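So the chains spell out like this:
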Amino acid sequence: MPGQRRRTILATWIVANAACGDAVRNVIGYPAWAGVVLATFVWVAVELVLLRVRLWRMPVAVVAFAAMALASAIWAIAPGWSLVGSVILFGTIASALLIASLPYRVILDVTHWTMQGLLIASFLFEAFVALVLRQPLFPLWSDYPPDASGELHWSSGLIFEGGRVQGIMGNANLLGMVALIALVIAGCRAAAGLDRWWPLWVALPILAQLVTRSATVLFATAMVAVLTLLVVSWVQWRGAVFYRIFGIAVAVGLVCIGVIVANWPLVTDFLGRDADMTGRFDIWGRVIDLGLTSPVVGVGYLGYWLPWVPPFDALGEMHGMVYLQAHNVWLDVFMQLGIVGVLLWGGLQYRAVTNTLGALYRSPVGERALNAIPLLLWVALFVQGLAESRPWIEFGMMLLVIFAIGPLRKQIAPSAPRTEAMTTIG
């Protein structure tokens, strides 16, 4: 099998597994999932060796963050599991390198069709549960009682009853974020004239967002829409006209934020949430308290909150349920890696956003629609990180590393095919 085709197949599997890791765990359980992930990382390592990847040319921001995570095992609450978390982080970064070695158009195709495929699979899965099983479906490896909380359902089977839909990944917020990524890519591909059936690929993620009703994704979509307007304005007018539009957008945004804050109970009631954002304020308080026990370097990197590792097995307990994340990526970083980790995470974000902005600024006129995708996705991930911890694990982390690599890809993987469009990836 030709090298690029083989790497494309591997990249497709990586993207699918990283975007719906919960689905894989729901089917085969944590131990088997760990074996699958380890086998994938080994395959990735072999491909990177064949590509003669120069790891010493990696961006400092990526290397420093990974090194901090590994070193934190020395003082971690659970040193062994901290090392396991670091291995997963290193594998995630390596997977991002493998994906970044592909031509930009190939990366877009892989991500576009994988996201759309997950949405189609989610709707078919929900229809199967609702019409065939006619009862909530739990993870296949579990032995939960039939009357267990809906939060534990893989699917509640409510797609035809107006309830929130979790999709194949078993989480409405994750399904909504997959839909947002799919919408951004489909919209930009449509603007670039790449897809004949673009109305279908735009409508599908919009429908998915409607049935998930994720407040986090709703705000992220709004921010992406505002940024899209600004990008279009910059391309069309630039100069004084663009700065006027930019000023108006900032002013309107500040007013909207003020109105939301002043009417917070009404806003959360409209979104179907309670005023403390489904217990997030309490969880944030506990996370901060634990982080303050070691504010400089944190309590040790873990990444995923493993449900069998104290104190994370009870840290996110709320209303009888245990949530395995801080619901804010910055607080999660602070708790696990302290102030040093927050600074390194901020440096990684800065590196990513400057690369995505630079790629859009330098791109030829005919390629701006496609080259806007990384910037729009970065904004989506940044906003998601304000209410979820997902952006620093799995697919969110992979995207961030790819954005941070930027124009160094040719130096990191000199034998890889050249990119076709975007300097951020190639």
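Keep in mind it's a predicted model, so treat the numbers as computed, not measured.

What counts and how
Along every chain, residues carry numbers that run from 1 in the direction the sequence is written. Given that this is a predicted model, residues contribute local features only at a pLDDT of at least 70 and side-chain atom pairs are listed and counted only at 80 or more, while totals for whole chains, interfaces and linings are drawn from all residues. Calculated side-chain values reflect all of the structure's heavy atoms, with hydrogen atoms and water omitted. Numbering of helices and strands starts at the N terminus; helices are DSSP runs of H or I of at least 4 residues and strands are runs of E of at least 2. As used in this structure description, the phrase polar contact means that two N or O atoms lie within 3.5 Å; if the pair is within protein, one of them must be able to donate a hydrogen and the other to accept it, and residues adjacent in sequence are counted only when both atoms belong to side chains. Only one rule defines a salt bridge in this text: a Lys or Arg side-chain nitrogen within 4 Å of an Asp or Glu carboxyl oxygen. Only protein chains enter the accessibility calculation, which uses a 1.4 Å probe; a residue is then buried when its area is under 20% of its type maximum, exposed when over 50%, and partly exposed in between. Confidence per residue, as judged by the predictor, is encoded in pLDDT with a range of 0 to 100. Note on contacts: a residue pair qualifies if any of its non-hydrogen atoms lie within 4.5 Å across the two residues. A helix is expected to span 1.5 Å for every residue after the first.

K.L.:
Could you clarify how one ought to interpret the side chain of Glu388 in this entry?
P.N.:
Relative to the elements of secondary structure, Glu388 occurs in the loop between helix 15 (373–384) and helix 16 (394–405). Of note is the side chain of Glu388, whose polar atom sits 3.3 Å from the side chain of Asn173. Side-chain polar atoms of Glu388 contact the side chain of Gln325, separated by 2.8 Å.

K.L.:
In this structure, what is going on with the pattern of salt bridges? I would like to understand it.
P.N.:
A complete count under the given rule lists seven salt bridges for this structure. One salt bridge in this structure joins Asp22 and Arg25, with 2.3 Å as the shortest N-O distance. Of this pair, Asp22 and Arg25 both sit in helix 2 (residues 21–50), three residues apart, which is roughly one turn of the helix. Of the two residues, Asp22 and Arg25, neither departs from the other in class, the shared state being buried.

K.L.:
Sorry, what's going on with the confidence of the model for the protein here?
P.N.:
Detail in the predicted coordinates should be disregarded across regions flagged by low pLDDT. Mean pLDDT for the protein: 85, with 87% of residues reaching 70 or above. By mean pLDDT, helix 17 (residues 409–412) is the weakest element of the protein at 48, and helix 3 (residues 60–71) is the strongest at 95. For residues 413–426, every residue scores under 50 in pLDDT, and the model assigns this stretch 61 contacts once sequence neighbours within four places are set aside.

K.L.:
Where do I start with helix 7 (residues 198–212) in this structure?
P.N.:
Because each turn of an α-helix spans 3.6 residues, side chains separated by three or four positions in sequence point in the same direction. Over its 15 residues, helix 7 extends 22 Å from the first C-alpha to the last, a length consistent with the 21 Å expected when each residue adds 1.5 Å. For helix 7, the set of buried residues is Trp201, Val202, Leu204, Pro205, Ala208, Gln209, Val211 and Thr212. The elements touched by buried residues of helix 7 are helix 5 (104–133), helix 6 (172–191) and helix 8 (215–236). Positive backbone phi, approximately 50°, marks Arg213, located one or two places after helix 7.

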